[in-house]
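Close look at the chain arrangement
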Amino acid sequence: MHPLAFYRSTIGKKIIMGVTGLIGIAFVILHMAGNLQAFAGPRKLNAYGAMLHGPLNELLWVLRIILIVAVILHVLMAYQLTMRSRAARPIGYEHREPQVSTLAARTMKWGGVLLLAFIIFHILHFTTQTVDPAGMRGMTDVAGDRDVYGNIVASFQIWWVAVFYIAAMIALGLHLYHGAWSSIRTLGYAKASPNPLHRRIALVVAIVVWLGFTLVPLGVIAGIIR
Amino acid sequence: MNLTLHVWRQPGPDARGGMERYEARDISPDMSFLEMLDVVNESLVESGKPPIAFDHDCREGICGSCGMMINGVAHGPMRGTATCQLHMRSFGDGDTIYIEPWRSRAFPVIKDLVVNRSAFDRIIASGGFITAPTGSPQDANNIPVAKRDADEAMDAAACIGCGACVAACPNGSASLFTAAKISHLGLLPQGQPERERRATRMVAQMDAEGFGHCTLYGECQEACPKQISIDTIARMNRDFLVATRHEHEEKVLGGG
C-alpha cells in the first residue's frame, strides 16, 4: 500500500494518533518524575532545569521537536477524524443511551481541546515566561540558575493558576485512562480477553501521572513546597 | 400492557421524516417486540393508515434483517439479542418507547425503520472471500486448525451483519463488522492467501462508504446481538499494519 493510502485510511490515522499518543505518555511520565524534585527543595529542581538547558540542550531540542511534531499530528488527526465521524451520522438520534462508554472516552475530544489550551498556556508560563502571573520573569536563584522553583511557589499561590493546573491534570488523567489503553489496542497489540474493556495498566498510568503532577500545586497550597 | 410509542415515520428515501406517537393497547408481555409492532400495524391498517415499515425475516436472531434503535439502545434493552428476540416482558405497563432507524450516512433510510445496508455487502464483496478450488471437496480433516483459532474464528463468524455496531457507535463506525469479517477468515488456514489484501481492501471499502473511525468506546460490542468482541478490531488493525509493511516491501523488492 502506498504510504499516502495508509495516511488517508481511518485506521492509518488512528495508528498515527496511537503512536503520537504513546510518545506523549512517555513524555508526561518523565516530566512528572522531574517535577517531583520540587519536593527536594529549590536547589535540586533549579539545578535539574539548568542541566536540561545546559549540557543536555541539544538533546532537549531533539525531544522538543519530536514532541511538537507528535502534538501537531495528534491534533490534526483528531480534528480530521472528528469531522469524519460527524459526517458519518448526519441525522442524529432523538434518544441515545450510551451503554458502556466511559466518561474518559466521551471526554477525549473536549478534554483534548482543554489539554491543548493548557499546553500552550503552560509553555508560555514556565518555558518562555511570556505569561507571568507571579512576576517571576528572569528571576534566578542563589546559584544563578533560573528560579523555576520560585515560579512554581509564587504561581500556585495564585488561585486561578492553581485551579487551571489542577483541572487540566484531571483532564490529562481521564485522557490517559482511555488513551493509554486504546492506543495499544489501535496498534493491534491486544490479547484475547473475556472483558476487553477492562484496563489495569491504563488505570495505573492515569493515576500515577495525575497524582504526580497534582501533588506539586497541592504541595504549594498545603505549604509543603514554599 | 398499554404502551406509548414514538416511532420514526418517513414515507420514502427522500421524504422528510418525523417522530409519530402511537398508543399500543392490550399488549401481552409474552409477545416479541416485532409482534407488538405487528399488532400496532394491524390497527393502523384497519384505520386506513400506512403501517410502520420495518425489516424482519427469521424472527429468531440469525438472519440479521431486523434492527432498530429502541429507547436509544440498538436492539433494545436485552443483551446479546436481536430486536426479534426481545420480548415485551422487558418493558413495563405504561412505558414510553422511542423507536428509530439505524442512523448512519452509509445506511440511508428507505422507509420508516428500514435502512439500506448495501454498504455492508460492498465491504464483503471487496475482500470477504477465500479462493477455493471447485470440484470435489477434500477431506474435512485434511487441514488442521488449532482449537483456539477455530473458536475465535467461529465467534467472529457469528456476525449476522445487522448493523447494530454502526448504529450504536457514537462515531458511526463499521469497525466491528469489518473486523469480524476480516477475523473470521484471517484466523483460518483457508483464509491465509488473501489475508493481507483482504485487510487493506475491506478497510478501504469501509472508509469509502463513509463510516466513521473507531475510538474504542466499546458500544458496538455491547450492542452486538452476537456479542462479538472488540478484540477483533485490534486484529483488523494488526493485519492492516502488516499488510501495509509487506506491500511496501514487495514494491521495494519488485516482487508480488
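In this text the structure is predicted, and so the values were computed from the model without any measurement.

Considering the nonpolar core
Residues Ile 152, Leu 172 and Val 209 of chain A together with Cys 165, Val 166 and Leu 176 of chain B are the most contacted members of the largest nonpolar core, which totals 107 residues. Considering every element that reaches this core, the biggest residue donor is helix 8 (residues 159-186) of chain A, with ten residues. Two domains each donate at least three residues to this core, and these are domain 1 (3-110) and domain 2 (117-253) of chain B. Setting aside its immediate chain neighbours within four residues, Cys 165 of chain B contacts Ala 174, Leu 176, Phe 177, Cys 220, Ala 223 and Cys 224 of chain B.

Some words on the domain arrangement of chain B
All names here are of chain B. Structurally, chain B comprises domain 1 (3-110) and domain 2 (117-253). Each of domain 1 and domain 2 has a C-alpha centre, and the two are 30 Å apart. Domain 1 puts 17 residues into the contact, and the matching count from domain 2 is 17 residues. A per-class count over the side of domain 1 that touches domain 2 returns eight nonpolar, seven polar and two charged.

Examining helix 5 (residues 175-186) of chain B
Residue and element names in this part refer to chain B. Helix length check: helix 5, at twelve residues, gives a terminal C-alpha distance of 15 Å against a target of 16 Å (1.5 Å per residue), a fit within 8%. Among the twelve residues of helix 5, twelve are classified as buried, and the element is accordingly described as predominantly covered. For helix 5, every residue scored as buried is listed here: Ser 175, Leu 176, Phe 177, Thr 178, Ala 179, Ala 180, Lys 181, Ile 182, Ser 183, His 184, Leu 185 and Gly 186. Against the buried residues of helix 5 lie helix 2 (118-127), helix 3 (147-157), helix 4 (164-168), helix 6 (195-208), helix 7 (219-223) and helix 8 (231-253).

Thresholds applied
- Residues numbered from 1 in each chain as written.
- Chains lettered and ligands numbered in written order.
- Predicted model: local features only at pLDDT ≥ 70, side-chain atom pairs only at ≥ 80, totals over all residues.
- Core = buried A, V, L, I, M, F, W, Y, C linked by C-beta atoms within 7 Å.
- Buried ≥ 20, exposed ≤ 12 C-beta atoms within 10 Å, placed from the backbone.
- Helix = DSSP H or I, 4+ residues; strand = E, 2+ residues; numbered from the N terminus.
- Domains from an automatic or database assignment.
- Contact = placed C-beta atoms within 7 Å.
- Nonpolar A, V, L, I, M, F, W, Y, C, P; charged D, E, K, R; others polar.
- Expected span 1.5 Å × (residues − 1).

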